[in-house]
Amino acid sequence: MIELGVMFGLMGVTAVALIVKLLGRNRTENVDGLLIEQTSRVQAHNDRVTYSSAAVHNSSPTVRHHYRP
């Protein structure tokens, strides 16, 4: 029974260590990095709007029926 406690304790400590390691230093250090991230986010949004199904198939976004001849 003690072995199970030690095993689960080690697994828990390992999980916490991995979480701290992976999430701990994921910060942008300067303004340039923030501006790059913001530009990428805006570009991704624009791409989603430009290449959406409605834009590609030239249908009005207010059309409610799904039939297209």
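Refer to the structure above for everything that follows.
Residues numbered from 1 in each chain as written. Predicted model: local features only at pLDDT ≥ 70, side-chain atom pairs only at ≥ 80, totals over all residues. Heavy atoms only, no water.

Caption draft 1: Representation of the overall build of the protein within the structure. For the protein, the count of helices and strands is 3 helices and 0 strands. When the helices and strands of the protein are read in sequence order from the N terminus, they spell out α-α-α. For the protein, buried positions account for 1% of its 69 residues. Entry remark: accessible area of the protein is about 6,900 Å², with carbon and sulfur atoms responsible for 63%. (Helix = DSSP H or I, 4+ residues; strand = E, 2+ residues; numbered from the N terminus. Buried < 20%, exposed > 50% of the residue type's maximum accessible area, 1.4 Å probe, protein only. Areas by Shrake-Rupley, 256 points an atom, 1.4 Å probe, with all protein chains shown as cover.)

Caption draft 2: Quick peek at a nonpolar patch on the surface. On the surface, M1, L4, M7, F8 and M11 cluster together into a nonpolar patch covering about 580 Å² of accessible area. Summarising the element assignment, M7 is placed in helix α1 (residues 2-24). Judged by relative accessible area, which is 39%, M7 ranks as partly exposed. (Patch = residues over 30% accessible without salt bridge, like charges linked within 9 Å, V, L, I, M, F, W, Y side chains within 5 Å. Salt bridge = Lys/Arg side-chain N within 4 Å of Asp/Glu carboxyl O.)

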